[in-house]
Amino acid sequence: MDYLTIDHVTKHFPLLNGSGSSSNGKTFCVLKNVSLRVSKGEFITTIGHSGCGKSTLLNIIAGFDKGSEGGIVLDGKEVDQPGLDRMVVFQSFALMPWLTAFNNIRLAVKAAYPSWDETKVREHTQKYIDLMGLKGAEGKRPTFLSGGMRQRVGLARAFAVEPKVLLLDEPFAQIDALTRGVIQEELIRMWSATQSTVFMVTHDVDEAILLSDRIALMTNSPEAKIAECLDVNIPRPRSRATIIDLPEYTRLRNHVLHFLMTQGSEGKPET
Amino acid sequence: MKSSTQPAWIISLVILGVFLLGWHLVTVQPAFDPAGLSEEQLQGLEFKGDIVRTGDGGYRYNPDKSRGIPGPLVVFKKTIDELSVAFEKKGTNDHGIAHLVRYTVTRFAAGFIAASVVAILVGVLIGLSPLLYRSLNPFIQVLKPISPLAWMPLMLYSVQDPTWTAILVVFMAALWPTIANTAFGVSTIRKDYLQVASLLQLSWWRRLLTVILPAAAPAIVAGLRISFGSALVAVVPAEMLLGELGVGYLTWIEWNNLDISGVMFAILIVGVVGVILDFGFNRLARLVSYAE
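This section reports on the structure supplied with the text. (Residues numbered from 1 in each chain as written. Chains lettered and ligands numbered in written order. Predicted model: local features only at pLDDT ≥ 70, side-chain atom pairs only at ≥ 80, totals over all residues. Heavy atoms only, no water.)

Looking at the overall build of chain A
Then, in step 1: Along its length, chain A carries 8 helices and 10 strands.
Then, in step 2: Computed over its C-alpha atoms, the radius of gyration of chain A comes to 19 Å, within 12% of the 18 Å expected for a compact globule of 271 residues.
Then, in step 3: The principal-axis extents of the C-alpha atoms in chain A amount to approximately 50 × 50 × 40 Å.
Then, in step 4: Across the 271 residues that make up chain A, the buried fraction comes to 54%.
Then, in step 5: Summarising the internal contacts of chain A: among those between residues at least 6 apart in sequence, 70% fall at separations of at least 24.
Then, in step 6: On chain A, roughly 11,800 Å² of surface is accessible, and the fraction owed to carbon and sulfur atoms is 51%.
Then, in step 7: Where the 31 positive side-chain charges of chain A centre and where its 31 negative ones centre are 4 Å apart. (Helix = DSSP H or I, 4+ residues; strand = E, 2+ residues; numbered from the N terminus. Rg over C-alpha atoms; globule rule 2.2 N^0.38 Å. Buried < 20%, exposed > 50% of the residue type's maximum accessible area, 1.4 Å probe, protein only. Contact = heavy atoms within 4.5 Å. Areas by Shrake-Rupley, 256 points an atom, 1.4 Å probe, with all protein chains shown as cover. Lys, Arg positive; Asp, Glu negative; His and termini not counted. Charge placed at Lys NZ, Arg CZ, Asp CG, Glu CD.)

A word on the pattern of salt bridges
Residues and elements named next belong to chain A.
Then, in step 1: Under the counting rule described, the total for this entry stands at 22 salt bridges over all chains.
Then, in step 2: Taking the shortest distance from any N to any O, the salt bridge between K164 and D75 comes out at 3.5 Å. One end of the pair, K164, is in the loop between α4 (147–160) and β7 (165–169); the other, D75, is in the loop between β4 (69–74) and β5 (77–78), and 89 residues separate them in sequence.
Then, in step 3: Across the pair R180 and D204 runs a salt bridge, and its minimum N-O distance is 3.3 Å. Here R180 is found in helix α5 (residues 177–194), whereas its partner D204 is found in the loop between β8 (197–202) and α6 (205–211), with 24 residues between them in sequence. (Salt bridge = Lys/Arg side-chain N within 4 Å of Asp/Glu carboxyl O.)

Thoughts on the interface of chain B and chain A
By a frequent convention, interface size equals the accessible area lost on bringing the separate parts together.
Then, in step 1: Contacts between the two partners involve 19 residues from chain B, matched on the other side by 23 residues from chain A.
Then, in step 2: Taken together, both faces of the contact between chain B and chain A bury some 1,800 Å²; the carbon and sulfur share is 72%.
Then, in step 3: Across the contact surface, chain B and chain A share 0 salt bridges.
Then, in step 4: Linking chain B to chain A there are 4 residue pairs in polar contact (both at pLDDT 80 or more).
Then, in step 5: Broken down by secondary-structure element, the contributors of at least two residues to the side of chain B that touches chain A are α8 (191–199) and α9 (204–242) of chain B.
Then, in step 6: With 6 residues, α8 of chain B is the single largest residue contributor to the side of chain B that touches chain A.
Then, in step 7: Each residue belonging to the side of chain B that touches chain A can be placed in one class, and the counts come to 10 nonpolar, 5 polar and 4 charged. (Buried area = accessible area lost by both parts, 1.4 Å probe. Polar contact = N/O pair within 3.5 Å; in protein donor to acceptor, adjacent residues only side chain to side chain. Nonpolar A, V, L, I, M, F, W, Y, C, P; charged D, E, K, R; others polar.)

A closer look at a nonpolar patch on the surface
Residues and elements named next belong to chain B.
Then, in step 1: Where nonpolar side chains cluster on the molecular surface, the patch consists of W9, I10, I11, L13, V14, I15, L16, V18, F19 and L20 and spans about 1,000 Å² of accessible area.
Then, in step 2: Positionally, V18 belongs in helix α1 (residues 8–27).
Then, in step 3: For V18, a relative accessible area of 56% gives the class exposed. (Patch = residues over 30% accessible without salt bridge, like charges linked within 9 Å, V, L, I, M, F, W, Y side chains within 5 Å.)

Remarks on the nonpolar core
Then, in step 1: Membership of the largest hydrophobic core comes to 150 residues, with the highest contact counts inside it found for I6, L31, F43, L134, L168 and F199 of chain A together with L200 of chain B.
Then, in step 2: Considering every element that reaches this core, the biggest residue donor is α9 of chain B, with 14 residues.
Then, in step 3: Sequence-distant contacts of F43 of chain A, defined by excluding residues within four places in its chain, comprise L168, L187, I188, W191, V198, M200, L211, S212, D213, R214 and R236 of chain A. (Core = buried A, V, L, I, M, F, W, Y, C linked by side-chain atoms within 4.5 Å.)

Overview of helix α3 (residues 72–84) of chain B
Residues and elements named next belong to chain B.
Then, in step 1: With 13 residues, α3 should reach 18 Å at 1.5 Å per residue; the first-to-last C-alpha distance of 18 Å fits that figure.
Then, in step 2: Within the sequence span of α3, burial applies to P72, V75, K78, T79 and E82. The buried residues of α3 occupy an angular sector of 120° when projected down its axis, which confines them to one face. Turned more than 90 degrees from where α3 packs its buried face, L73, F76, K77 and S84 sit exposed.
Then, in step 3: Buried positions along α3 lie against α1, α4 (97–128), α10 (247–256) and α11 (260–288). (Expected span 1.5 Å × (residues − 1). Arc of directions from axis to C-beta.)

Comments concerning the sheet that holds β8 of chain A
Residue and element names in this part refer to chain A.
Then, in step 1: Read from one edge to the other, the open sheet built from 6 strands follows the order β6-β7-β8-β3-β9-β10, with strand pairing classed as mixed. Two strands bound the open sheet, and with one partner strand each, they are β6 (86–89) and β10 (226–231). Here the strands of the sheet are splayed against their neighbours by 20° on average, with no regard to which way each runs.
Then, in step 2: Alignment of β7 against β8, held across 5 bridges, turns out to be parallel. The residue of β8 that forms the bridge with D169 is V201. (Pairing = 2+ DSSP bridges. Axes fitted to C-alpha atoms, helices over the stretch in contact; angles between N-to-C directions.)

Comments concerning the packing of α4 of chain B against helix α7 (residues 162–187) of chain B
Residue and element names in this part refer to chain B.
Then, in step 1: Orientation of α4 relative to α7, taken along the N-to-C sense of each, is 30°, at an axis distance of 6 Å. With respect to their mutual orientation, α4 and α7 come out roughly parallel. The interaxial crossing formed by α4 with α7 has right-handed handedness.
Then, in step 2: Considered class by class, the residues forming the contact of α4 with α7 number 21 nonpolar, 6 polar and 1 charged. (Parallel < 35°, antiparallel > 145°, perpendicular 65-115°, else oblique. Left-handed = near helix turned anticlockwise from the far one by under 90°.)

Some thoughts on the pairing of strand β3 (residues 43–47) of chain A
Residue and element names in this part refer to chain A.
Then, in step 1: Here β3 lies mainly inside the structure; 5 of its 5 residues are buried.
Then, in step 2: Going residue by residue along β3, you find F43, T45 and I47 tucked away on one face and I44 and T46 tucked away on the opposite face as well.
Then, in step 3: As defined by bridge partners, β3 adjoins β8 across 5 bridges and the pair is classed as parallel. Across the sheet, I44 pairs through a bridge with F199, a residue of β8.
Then, in step 4: As paired elements, β3 and strand β9 (residues 214–218) share 4 bridges and run parallel to each other. Bridge assignment links T46 to a residue of β9, and that residue is A216.

Fair warning: the whole summary comes from geometry, so function is off the table for now.
Written out as structure tokens, the structure is:
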């Protein structure tokens, strides 16, 4: 049964004229008839070149942006505004620099459960601090945390709200490669523990295969669309070290890379 | 600069010493020399009170009549005299310096705080709405460069009260930089902070208090700092022109008394009041600043 449905989403952006201030009436079609059905508990990844429109798609699902045509249905209801049922994990972390790690998460918990008293809010916050391995860092402000620790806070904040769908917008792009692997495994652990549904966009092929149940391949804009969906038939739990020896891994990787290389020449996929 | 191990206060002391010494040397009074003056001329000077007869039949300058610029010793003596009666009220216009400082600080604080509250509210509103910003901007551009003192006659006429006019002058001086900086700070808040606020479905007030104001706080504080200086500059002439008791008016009273050492003392006190207020402001600013 479909839990999250992306139904024929098309997005036109107005083209700006020379002064950049107003539209001259022409539009640029970023997404064209994008449809995707996601089941409950599924981890689905959209992969494509930088600037192909995959982040626009994520913003439309999050409600930050509206599609020109089509719509998003989540758990039987159409959604077109941001809400607590869809938490975003940002590439830029988007943590409030004036709040400690703990208070960043607490802000979200308080917003998600307005009826809870302070003790319950703190307990819940602490639970996700512990789950994401943030013990010892909860009293620090984001400025004093490494990129990896910041994104742990970002993930803890998103999971703590217990949303219906988690939207990950290239969450590991600003984290060094070694830390990235560790946090990816923590994400998978959290995902299976909480039975969340995850929609991620990335341009990292290995990341997509390691984490996803399904990978949606996106063509370049203008008029970007989902070209095909690949099932990742690799049993879980997966680990970075062992899956690279599997023939299925090599097959998927080559397939995705081949697809990305045939898509335009302006960007090369990260390998 | 922080790598320098030389304590800066030693250099400051040296500079102060050189300045005081130079001041003393420039203003030191030579002894009165009657050579070349006829008896008639001397009597004329004595009649005017410039010189007085001494016990041995000679003349010297009248110590009670000030001449030229007073030296540091005179100003120091004046300072001691004034501070010794700091808490006294001898007459309608003759209040001790502690009272005058209190009047000025109160007047300044009333105008500055009122202006800051208004400016932050207006700044947030126009920072959040580009339409409002564009529509109000022409008015702000015209009103901003007007000297706060230029409003004084109109205000005096409208409110009919010099006490409130002085506060309003401080208000006008403190208004514009905070409005401009708050609007800038709010309109340039990182988009992802606002996206988080909308994901969390924060109400308008919670969004304002938990995201917008903290995020714009560094810019707002920078605006308040400029407003603070401009208000401090405005409070002195406002007191002078309106005859409102305070340290600014003190300089004018002493000028009317032709007491130049009193004028210098008053100037010094204006500086000290500025330092005290600035210290308080910096303590406040540290509370709301954060590292990006």
